[in-house]
Amino acid sequence: MGLAKESQFHVLAVDDSLVDRKLIERLLKTSSYQVTTVDSGSKALQFLGLNEDDQINSNQPSVSVNNHQEVEVNLIITDYCMPGMTGYDLLKKIKESSSLRNIPVVIMSSENVPSRISRCLEEGAEEFFLKPVRKSDVNKLKPHLMKTKDNNHQKQGNKEASETTEVPPPPPPQQSNNNKRKAVEAEGLSPDRTRPRYSGLTVV
């Protein structure tokens, strides 16, 4: 089954309804997910390090603004109908961000509107759940979570491979000075005799 630490996926749940937040939080924790809940799309973006009015953070490679490992988010599940920023608006913001676009987003709604569902899926949502969310719906999240985990491992593996591809060849074995001296002596010459002498020349 793998290590418990590896199976601890972090899900960010966004819903303006306290009752719905508690319900989705309980379902996710029952499935051994780490859960963070917020009550609006703007708070979700703040948690992810992407402020509405300040797009500077969107170019940062890390989701975390405080560089805490626990802030890494593996999936976002958000309600569609929320005051201010809707779930659809939140989805668009995430998919427009270079640092967040790879995080899977799932939309929830109490209204079964086909045009709304297709619009969210076309914008990049992985799933569209009708409320109340059930345990069977939560089970559908696992493949999306595993996909992002595999992509992260693959990127890390490619990075490590690129850093270690060029290995310098071992230096060729060098003949020691003792062997050179023996070879010279074997020819009957001293090391000093091997150098040409300029006895008839005056060195200036």
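Residues numbered from 1 in each chain as written. Predicted model: local features only at pLDDT ≥ 70, side-chain atom pairs only at ≥ 80, totals over all residues. Heavy atoms only, no water.

1. Re the UniProt feature "modified residue: 4-aspartylphosphate" (unreviewed entry) in the protein
Selection rule: UniProt positions are given in the numbering used here, feature names are shortened, and annotations may be inferred rather than shown by experiment. Runs of H or I in DSSP of at least four residues are treated as helices and runs of E of at least two as strands, each being numbered from the N terminus. What makes two residues a contact is simply this: any of their non-hydrogen atoms within 4.5 Å.
Sites flagged by UniProt as "modified residue: 4-aspartylphosphate" (unreviewed entry) map to Asp79. Topologically, Asp79 is positioned in strand β3 (residues 75-79). Leave out the neighbours within four places in its chain, and Asp79 touches Val14, Asp15, Asp16, Gly87, Met108, Ser109 and Lys131.

2. As for the packing of helix α3 (residues 41-48) against helix α4 (residues 87-96)
Keep this limit in mind: Lines fitted to the C-alpha atoms define the axes, with helices restricted to the stretch that makes contact. Angles between their N-to-C directions range from 0 to 180 degrees. For classification, angles of less than 35 degrees are called roughly parallel, those exceeding 145 degrees roughly antiparallel, those between 65 and 115 degrees roughly perpendicular, and all remaining angles oblique. Whether a crossing is left-handed or right-handed is set by the direction in which the near helix is turned from the far one by less than a right angle, anticlockwise for left-handed and clockwise for right-handed.
At their nearest, the axes of α3 and α4 sit 9 Å apart, and the two run at 25° to each other. It follows that α3 is roughly parallel to α4 by the angle criterion. In this structure, the crossing between α3 and α4 has a hand that is right-handed. In contact with Gly41, Ala44, Leu45 and Leu48 of α3, α4 contributes Leu90, Lys93 and Ile94.

3. With respect to the pattern of salt bridges
Note the threshold: Salt bridges are counted wherever a side-chain nitrogen of Lys or Arg sits within 4 Å of a carboxyl oxygen of Asp or Glu.
This structure, assessed with the given rule, holds eight salt bridges. Among the salt bridges present, the one from Glu111 reaches Arg116, with a minimum N-O distance of 3.2 Å. Taken together, the shared-partner salt bridges in this structure form one network comprising Asp15, Asp20, Asp79 and Lys131.

4. A few points about the packing of α4 against helix α5 (residues 114-123)
Formally: Throughout, the ten residues Ala, Val, Leu, Ile, Met, Phe, Trp, Tyr, Cys and Pro are labelled nonpolar, Asp, Glu, Lys and Arg are labelled charged, and all others, Gly among them, are labelled polar.
Where α4 meets α5, the closest approach of the two axes is 10 Å, and the angle between their N-to-C directions is 10°. Comparing their axes, α5 and α4 come out roughly parallel. As α4 packs across α5, the resulting crossing turns out to be left-handed. For the pair α4 and α5, the contacting residues are Tyr88, Leu91, Lys92 and Lys95 in the first and Arg119, Cys120 and Glu123 in the second. Considered class by class, the residues forming the contact of α4 with α5 number three nonpolar, no polar and four charged.

5. With respect to the sheet that holds strand β1 (residues 10-14)
For clarity, the threshold we go by: Strands pair, by our definition, only if DSSP identifies at least two bridges between them.
Taking strand neighbours across the sheet as the criterion, the five strands line up as β2-β1-β3-β4-β5 in an open arrangement whose pairing is parallel. At either end of the open sheet lies a strand with only one pairing partner, and these are β2 (34-38) and β5 (127-130). Averaged over all pairs of adjacent strands, the angle between their axes in this sheet comes to 20°, without regard to strand direction. Pairing between β1 and β2: five bridges, direction parallel. Residue Val11 lies in a different strand from β2, and its bridge partner there is Val35. Across the sheet, α3 is in contact with β1, β2 and β3; its angle to β1 comes to roughly 155°.

6. Description of the packing of aromatic side chains
To be explicit about the condition: Centres within 6.5 Å are what make two rings of Phe, Tyr or Trp a pair, Trp counting through its six-membered ring; a difference in plane orientation under 30 degrees is then read as stacked, over 60 as edge-to-face, and the rest as tilted. Think of it in three bands: with a 1.4 Å probe and only protein chains considered, a residue is buried below 20% of the maximum accessible area for its type, exposed above 50%, and partly exposed in between. Remark: a charge is flagged as sitting over a ring if the NZ atom of Lys or the CZ atom of Arg is within 6 Å of the ring centre and within 35 degrees of the ring normal.
Counted according to the given criterion, the structure contains one aromatic pair. Seen in terms of ring centroids, Phe9 and Tyr33 are 6.4 Å apart; in terms of plane orientation they differ by 55°. Their pairing is tilted. With a gap of 24 residues between them, Phe9 in the loop between α1 (4-7) and β1 and Tyr33 in the loop between α2 (18-30) and β2 connect regions that are remote in the sequence. Accessibility classification places Phe9 together with Tyr33 in one group, the buried group. In this structure, Arg119 is placed above the aromatic ring of Tyr88, and the distance from its NZ or CZ to the ring centre is 4.2 Å.

7. Digging into the state of the cysteines
In protein chemistry, a disulfide is the covalent bond that joins the sulfur atoms of two cysteines. Short version of the rule: A pair of sulfur atoms, both from cysteines and within 2.5 Å, is called a disulfide here.
Per the stated rule, a full pass over the model turns up zero disulfides. In this structure Cys120 is not part of a disulfide, and its nearest cysteine sulfur, from Cys81, lies 9.7 Å away.

8. Some points on the pairing of strand β4 (residues 105-109)
The criterion, for reference: Here is how to tell: hold the view so the strands point away, follow the path from the first strand over the helix to the second, and if it runs clockwise the crossover is right-handed.
Most of β4 sits inside the fold, with five of its five residues counted as buried. Residue alternation in β4 divides its side chains into two sets, Val105, Ile107 and Ser109 and Val106 and Met108, and both sets are buried. For β3 and β4, the ladder comprises four bridges, and the chain directions are parallel. Each residue of the ladder has a partner; that of Ile77, found in β4, is Val106. Taken together, β3, α4 and β4 form a β-α-β motif whose crossover is right-handed. As paired strands, β4 and β5 are joined by four bridges and run parallel to one another. Residue pairing in the sheet places Ile107 in a bridge with Phe128 of β5. Between the parallel pair β4 and β5, the chain is carried across by α5, and the sense of this crossover is right-handed.

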